[in-house]
Amino acid sequence: MSTKYAIGVDYGTESGRVVLVSLANGEEVADHVTPYPHGVIDERLPGTTIELGHEWALQHPNDYIEVLEQSIPAVINSSRVDPEDIIGLGIDFTACTMLPIDENGLPLSFSDSWKNDPHSWVKLWKHHAAQDKANQLNVMAEQRGEEFLNRYGGKISSEWMIAKIWQILDEAPEIYQAADQFVEATDWVISQMTGTLLRNSCTAGYKSIWHKQEGYPSKDFFQALDPRLADITDTKLRGDVVSLGTKAGGVTKEMAKRTGLLEGTPVAVGNVDAHAAVPAVGVTSPGKMVMAMGTSICHLLLGDEEKHVEGMCGVVEDGIIPGLYGYEAGQSAVGDIFAWYVDYGIPPSVKGAAHERGLNVHQYLEEKASNYRPGETGLLALDWWNGNRSVLVDTELSGLLIGATLQTRPEEIYRALIEATAFGTRKIVDAFHHNGVPVEELYACGGLPQKNKLLLQIYADVTNRTIKVADSKQTPALGAAMFGAIAAGKERGGFDHVVAAAEQMARIKEETVEPIPEHVEIYEELYKEYSTLHDYFGRGDNQVMKRLKALRNSADMGKGNVYVKN
Ligand SMILES: Nc1ncnc2c1ncn2[C@@H]1O[C@H](COP(=O)(O)OP(=O)(O)O)[C@@H](O)[C@H]1O
Ligand SMILES: O=C(CO)[C@H](O)[C@H](O)COP(=O)(O)O
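Right, let's walk through the structure included here. (Residues numbered from 1 in each chain as written. Chains lettered and ligands numbered in written order. Predicted model: local features only at pLDDT ≥ 70, side-chain atom pairs only at ≥ 80, totals over all residues. Heavy atoms only, no water.)

**A closer look at the environment of lysine 490**
Defined as follows: Counting from the N terminus, the helices are DSSP H or I runs at least four residues long and the strands are E runs at least two residues long. Here the term buried applies to any residue with accessible area under 20% of the maximum for its type, exposed to any over 50%, and partly exposed to those in between, with areas from a 1.4 Å probe on protein chains only. Two residues qualify as a contact provided that any one of their heavy atoms is within 4.5 Å of a heavy atom in the partner residue.
Its place among the elements puts lysine 490 in the loop between α17 (475-488) and α18 (498-505). You can call lysine 490 exposed: its relative accessible area is 55%. Each C-alpha atom of the pair lysine 490 and asparagine 435 lies 39 Å from the other, and the pair is 55 residues apart in sequence. Excluding residues that lie within four positions of it along the chain, lysine 490 makes contacts with Phe495 and Asp496.

**Comments concerning the packing of aromatic side chains**
Our working rule: Any two of the Phe, Tyr and Trp rings considered here, Trp counted by its six-membered ring, make a pair once their centres fall within 6.5 Å; the pair's planes then place it as stacked at under 30 degrees, edge-to-face at over 60, or tilted in between.
If you walk through the whole model with that rule in mind, you get 17 aromatic pairs. Ring geometry for tyrosine 11 against tyrosine 64: centres 5.7 Å apart, planes inclined by 80 degrees, an arrangement best described as edge-to-face. Residue tyrosine 11 is located in strand β1 (residues 5-11), and its partner tyrosine 64 is located in helix α1 (residues 61-79); the two are separated by 53 residues in the primary sequence. Since its relative accessible area comes to 0%, tyrosine 11 is described here as buried. Measuring from ring centre to ring centre gives 5.9 Å for tyrosine 152 and tryptophan 160, while their planes differ by 65 degrees; the resulting arrangement is edge-to-face.

**Considering the pairing of strand β16 (residues 325-331)**
Each regular strand displays side chains that alternate between the two surfaces of the sheet. Heads up, the rule is: Pairing between two strands is assigned when DSSP locates at least 2 bridges connecting them.
Burial analysis of β16 places 7 of its 7 residues in the buried class, which makes it a mostly covered element. What you see with β16 is no split at all: Tyr325, Tyr327, Ala329 and Gln331 on one side and Gly326, Glu328 and Gly330 on the other are buried throughout. Bridge count between strand β14 (residues 297-303) and β16: 7 bridges; the pairing is antiparallel. The residue bridging histidine 299 from the neighbouring strand is alanine 329, located in β16. As paired strands, strand β15 (residues 314-317) and β16 are joined by 4 bridges and run antiparallel to one another. Of the residues in β16, the one forming a bridge with glutamate 317 is tyrosine 325.

**Things to note about the sheet that holds strand β21 (residues 508-513)**
Convention followed: Note on geometry: axes are C-alpha line fits, over the in-contact stretch for helices, and angles between N-to-C directions span 0 to 180 degrees.
One open sheet accounts for 7 strands, arranged β15-β16-β14-β13-β19-β20-β21; its pairing is mixed. Every interior strand has two partners, whereas the edge strands, β15 and β21, have only one. Here the strands of the sheet are splayed against their neighbours by 25 degrees on average, with no regard to which way each runs. Taken together, the 6 bridges between strand β13 (residues 287-293) and strand β19 (residues 439-445) define a ladder with parallel strand orientation. Note that in β19 the partner of methionine 289 across the bridge is leucine 442. Sheet contacts for helix α10 (residues 273-280): β13, β14, β16 and β19; angle to β14, the most-contacted strand, approximately 55 degrees.

**Digging into the site of ligand 2**
Where we set the bar: We define proximity as follows: a residue is near a molecule or strand when any one of its heavy atoms falls within 4 Å of that partner. Polar contact criterion, stated in full: a pair of N or O atoms within 3.5 Å, where within protein one must be able to donate a hydrogen and the other to accept it, and residues adjacent in sequence count only if both atoms are side-chain atoms. Exposure was quantified through the Shrake-Rupley algorithm and a 1.4 Å probe, taking into account, for residues, occlusion by the shown protein chains and nothing else. Lys, Arg, Asp and Glu make up the charged group, whereas Ala, Val, Leu, Ile, Met, Phe, Trp, Tyr, Cys and Pro make up the nonpolar group; the residues left over, Gly among them, are polar. Note: domain ranges come from an automatic or database domain assignment.
Every one of the 13 residues lining ligand 2 counts as a neighbour, but Thr13, Ala95, Lys207, Ser296 and Glu328 are closest to it. Aspartate 273 is positioned with one of its side-chain polar atoms (N or O) 3.0 Å from an oxygen atom of ligand 2. Interatomic distance of 2.6 Å between a side-chain N/O atom of glutamate 328 and an oxygen atom of ligand 2. In isolation ligand 2 offers 380 Å² of accessible surface; the protein chains occlude 93% of this area. The class makeup of the residues in the shell around ligand 2 is 4 nonpolar, 5 polar and 4 charged. Two domains each put at least three residues into the shell around ligand 2: domain 1 (5-275 + 475-509) and domain 2 (282-471 + 516-566).

Here's what the structure looks like:
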């Protein structure tokens, strides 16, 4: 049999990345990136003057289709692989990235009647404007002693499906009415490729409070939350939930024409970006935490039993690897914090100096920050520039930098921000490790490990653990391709289980990043300080961050420059 291939499509925050992968050894034969033409929509609706409020983050559904149309032909052409030999396709996506669709499966934002209402658009994972709804949901679930809350670390996040839907219902009841269903973008894109809409168990489990045995929370619970939501799971969230690797269908004639794939090529049901990365780095057993490090960090871990850990995003049976419990936690901003600093925090002289050295600003600051030893900057930061996902689960928290003096230099702040994100990861590692879900080693994948060596060393030092690094440019896409090959099945040259696919295709570098004992010692001290600040500002002793956000919101309302529904 000739070598067989699969395609993986990784839908990130800013772009979609497509890889064509050999099933013989996981080699990425070709890859192509399509930046989303509309990017992250967080100021105003495209082509209008309609302003969005703070914490809003939307996307354009057509951008996702553009990725398929641009990047799939590009990898087929550059690899010269015969489409006959491309036996399957899988995708992974940011999540919960959701949208309302009509009876024909079309996004409401495509309709002239609804397109000027921001609630008809895709709400990106980092849309945080539903925090109020998440808070109410958590209070109600706690009062009623809802069992499901334990599976989500004690709190449901505003980033997830129910809070987002409830925000739509509250602020735009007509959009809620008009929506035939609310779906994850990952499931919607698959429906556009195959003509079949199926809900995958990964996003349903982690983002929509679905459980393999118990299903969704009870009607009673939704009735208590808001009587208008009572039937939601039979109506707007209806539909089969199927496990990862299930074949959703074959590529339609229309999509075959637009992508260059053969009609009928098997397509797997959708998956989540970080979760797809786990088998791609060869992790199929407990004790190994995978960090998908990019705009944000998602932390994924496997276990033999269901344990409850404070502030985790969730534990889902079969949620990552069938047969095991999959645990997820995360930090809502990591690369995004460095991007913010580089875009808004540095003086022009730094840009100029970086340019002169032929480096981008990140590379320049990394190089200069590498000259400092742990503790030498005298700085400490809280990494909550986009709220705290784990373990506090509170998007209303914000950033903090302490220790600045007239001598403080930009590279020192850059280093302190990296350290803060490493301390945030250490909180998550400790939460699992001390609650019966051991974390023995770390695996790093995503964009950051490829871009910043200092960052990886700091993470190894702060967590005092060895880090293994993915040997793949597009790890989630490689994982998605594995699931595409599972959808195709063994008889067509694919696989019958993800463990078999991982054994053959996973890619990890030989070289590891080891903690440096002298650094570990100093970071242990700094971590104690971080923990004090973390608990003081994050657990209610001092609510200054929330009061400041409330003041900012009232000021904005006064100026009339926040999107407010009538
Ligand atoms: N040299 C660098 N060091 C640290 N962060 C970087 C560097 N270059 C880019 N970044 C950050 O990487 C993030 C993008 O990560 P990537 O994994 O490529 O994308 P995504 O999060 O969309 O999957 C951006 O937030 C950017 O600020
Ligand atoms: O929550 C998620 C997965 O569960 C998001 O997809 C993730 O945080 C966004 O990923 P990235 O930083 O790679 O764009």
